[in-house]
Structures are given as C-alpha cells and as structure tokens.
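Survey of secondary and tertiary structure
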Amino acid sequence: LYRWYSMNLQNIPQEQDYRTPFSGEENEWLICADYSGIELVLVIEDSKEEVWVKAQNEGLDLHMINAQMTFGMNAWNHAKLPDCTYEEDKKHKCKCPIHGDMRNSTKTVTYASLFGATGERIGKILKIGKNAGEAILKKYFKALPTLRNWMDDIIQYAAIYHKIRTFRPYRRTRFFNPDEHPEERAKKAVNARIQGTAADIFKQACVNIKQRLVQEGIAHKFRGAVHDEVLLSFQDKETAEIAGPIVREEMKKSGDLLTKLTKLDV
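Note that this is a predicted model, so its numbers are computed, not measured.

What follows is about the packing of helix 6 (residues 97-114) against helix 7 (residues 119-126). Packing of helix 6 against helix 7 leaves a shortest axis separation of 10 Å and a crossing angle of 140°. Our classification of the angle between helix 6 and helix 7 gives oblique. In the crossing of helix 6 with helix 7, the sense of the turn from one axis to the other is right-handed. On helix 7, the residues touching S105, T108, V109 and A112 of helix 6 are I122, I125 and L126. For the contact of helix 6 with helix 7, the residue count by class is five nonpolar, two polar and no charged.

All told, the structure shown has 16 salt bridges when counted by the stated rule. The shortest N-O distance in the salt bridge between R193 and D46 comes to 2.6 Å. Pair noted here: R193 is in helix 10 (residues 182-215) and D46 is in helix 2 (residues 38-47), with a separation of 147 residues, a long-range link. Across the salt bridge formed by E180 and K188, the nearest N and O atoms sit 2.5 Å from each other. Here the salt bridges share partners, and the residues they tie into one network are R212, E216, E249, E250 and K253.

This part is about helix 8 (residues 130-143). Between its first and last C-alpha atoms helix 8 spans 20 Å; for 14 residues at 1.5 Å apiece the expected length is 20 Å, and the two agree. Buried within helix 8 are the following residues: G133, I136, L137, Y140, F141 and A143. Along the axis of helix 8, the buried positions cluster into a sector of 155°, meaning they face one direction only. Counted as exposed and oriented over 90 degrees from the buried face of helix 8: N131, K138 and K142. Against the buried residues of helix 8 lie helix 3 (50-57), helix 4 (62-71), helix 6, helix 7 and helix 9 (145-161).

The next subject is helix 11 (residues 237-256). With 20 residues, helix 11 should reach 28 Å at 1.5 Å per residue; the first-to-last C-alpha distance of 29 Å fits that figure. Taken together, the buried positions of helix 11 are T239, A240, A243, I246, V247, E250, M251, S254 and G255. Buried residues along helix 11 sit in contact with strand 1 (29-34), helix 10 and strand 5 (229-234). Its side-chain oxygen at 3.3 Å from the backbone nitrogen of E238, D236 defines the N-terminal cap of helix 11.

Next up on the list: the environment of M69. Here M69 is to be found in helix 4. As a C-alpha pair, M69 and I155 span 86 residues in sequence and 25 Å in three-dimensional space. M69 has contacts with V51, A143 and L144, leaving out every residue within four places of it along the chain.

The three strands are arranged 1-5-4 in an open sheet whose pairing can be described as antiparallel. Where the open sheet ends on each side, the last strands, each with one partner, are strand 1 and strand 4 (221-226). For this sheet, the mean inter-axis angle between neighbouring strands, taken without regard to orientation, is 20°. Note: strand 1 against strand 5, six bridges, orientation antiparallel. When the bridges of strand 5 are listed, W29 appears paired with F234. Lying over the sheet, helix 11 contacts strand 1 and strand 5, oriented at roughly 15° with respect to strand 1.

Confidence along the protein chain averages 90 in pLDDT terms, with 93% of residues attaining 70 or more. Summarising per-element confidence for the protein chain, the mean pLDDT is lowest in helix 1 (residues 16-19) (73) and highest in helix 11 (97). Confidence over residues 1-7 falls short of pLDDT 50; this stretch has four contacts with residues more than four positions distant or in other chains.

Summed over the entire model, instances satisfying the criterion amount to three aromatic pairs. On the numbers, 5.4 Å between centres and 80° between planes, the contact of Y140 with F141 is edge-to-face. Comparing Y140 with F141, the two get one shared label, buried. Taking 4.7 Å as the distance between ring centres and 40° as the angle between the ring planes, the aromatic pair formed by Y157 and Y161 counts as tilted. With Y157 and Y161 both in helix 9 and four residues apart, the pair spans about one turn of that helix. By relative accessible area, which is 47% here, Y161 ends up partly exposed.

Rules used in this analysis
Residues numbered from 1 in each chain as written. Predicted model: local features only at pLDDT ≥ 70, side-chain atom pairs only at ≥ 80, totals over all residues. Heavy atoms only, no water. Axes fitted to C-alpha atoms, helices over the stretch in contact; angles between N-to-C directions. Helix = DSSP H or I, 4+ residues; strand = E, 2+ residues; numbered from the N terminus. Parallel < 35°, antiparallel > 145°, perpendicular 65-115°, else oblique. Left-handed = near helix turned anticlockwise from the far one by under 90°. Contact = heavy atoms within 4.5 Å. Nonpolar A, V, L, I, M, F, W, Y, C, P; charged D, E, K, R; others polar. Salt bridge = Lys/Arg side-chain N within 4 Å of Asp/Glu carboxyl O. Expected span 1.5 Å × (residues − 1). Buried < 20%, exposed > 50% of the residue type's maximum accessible area, 1.4 Å probe, protein only. Arc of directions from axis to C-beta. Polar contact = N/O pair within 3.5 Å; in protein donor to acceptor, adjacent residues only side chain to side chain. Pairing = 2+ DSSP bridges. pLDDT = per-residue confidence, 0-100. Phe/Tyr/Trp six-rings, centres within 6.5 Å; stacked < 30°, edge-to-face > 60°.

Written out as structure tokens, the structure is:
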C-alpha cells in the first residue's frame, strides 16, 4: 500500500480496474464516500444558470432537460416512443433509444465544453465529425446563454489577469503564462476554477473527517483519496456503522460552506 502514496491519485484512468485497488486488512470494514456530481453543482453555483438550479433542486434529470433544449421539442417529440415515461417522471431517463442518444450527446457536450473542448473535439468524441460537433455545441449554448456568458467571463478574466481563483473563502490562485496561446489558456481557465474549488472542498472535508473521528475516539485508517472520494477502514462493522454518518456529515459541511443555491450530496 505504501507504494500508492508516491502516486498522484487525483489523476488516474477512469477504468474501474484502476479505481478499485483499495482494500482494508483482513476482517476490516471499508467505507467509500464521494460527492455526487460535484463539478456540475459548482458550475450551477457559479454560473447561476436558472434551468440548472431548478433541475438540481427538484431532483430532475439535468442531462435529459439539456437534451430537450439542445435538440428542440420537435425532434424530441418525434423520437418519443408510445411508452415513453419521461414526461411523467422527469427525475429518471426513459427507455426511448433516440432520447438516450440525445441525452448521452448533451452529457458529453456538458462535461467536454466546460473543460475546453472545441466543436471539433466534441465531434471526435461523439464520432459525428467536426461540422456536426460544432453544430451541436452551437445549439447547446444557444439553449443555455447564461452558461455561455459565465464561461466567457472566466476566460476573459484569465486573459486579462493571467490567473484564476477558486471560490471564496479559499481563493487559491492558479497562474497562467502571459505568452500562453489563448486557446490553451481558455481550455484551462474554467477547469482551474471548478476543479480547483472541488479540490478545496474535498481537502477541507478530509480535515473535517480526521478531526471528528479523533474527537469521537473512533479508531480508523485513511486508505486513500481519489478525486472526490475518500476511503477509510475500520476494525469492525459496528465501528464502521457509527463512522459512516459522521463521514457524510463532515463532507456535506465542507460543501455547504461554498454552495448556497443548491446542495452537494454525498
């Protein structure tokens, strides 16, 4: 296990074989706790995109809503099967194949565009070609102008001041090379603000968890931290069951410090 400590576990491949090498010792109980959609929650908090705020607070399927807005209701209704369940239950995706494709496409656009992907890059990811990638990106931001303006403001700030800060109260600074190509700087600017703030929240959560478990006299071992997931082991089931709610509470407390429009779940 000591060999893992020398590695950067914040940037490991997404495949599960790389994400699940952690285990407790024999007869120990392992707790894994992570934030649910932390990047999108922070984007909602920072951009104040009303559609996303409403969707998050009402527990709606954000990616389905984005798909409807991006592709338009005519295309959406045309793709609807007779037994489509989405309109009755907007908290879950339906089983319509084309609706599923639309949802997956806009979900890809959401995450890719937030972290600098161009229409050409999105076209490659979705395997639809450069022109189609640029077209879907244009439709996406036309449906979400507040989000587009928010991204442009961050990119412009980075271009003028050559830096980006994370959310208050942390305000950690990520500096940029003044001579860096504008397109490269734009790719990093939003990422630095959102992922940087997510890191602030998670590191504070780890401090909270450690302090609370020590105060409560709960024997534990930190086994790892991957992105926004913490892994701890305990000597028996009873101790783990006591610690579980504490871990969740302290992680939520760290998130609540920065999120006011909506809440981070754990």
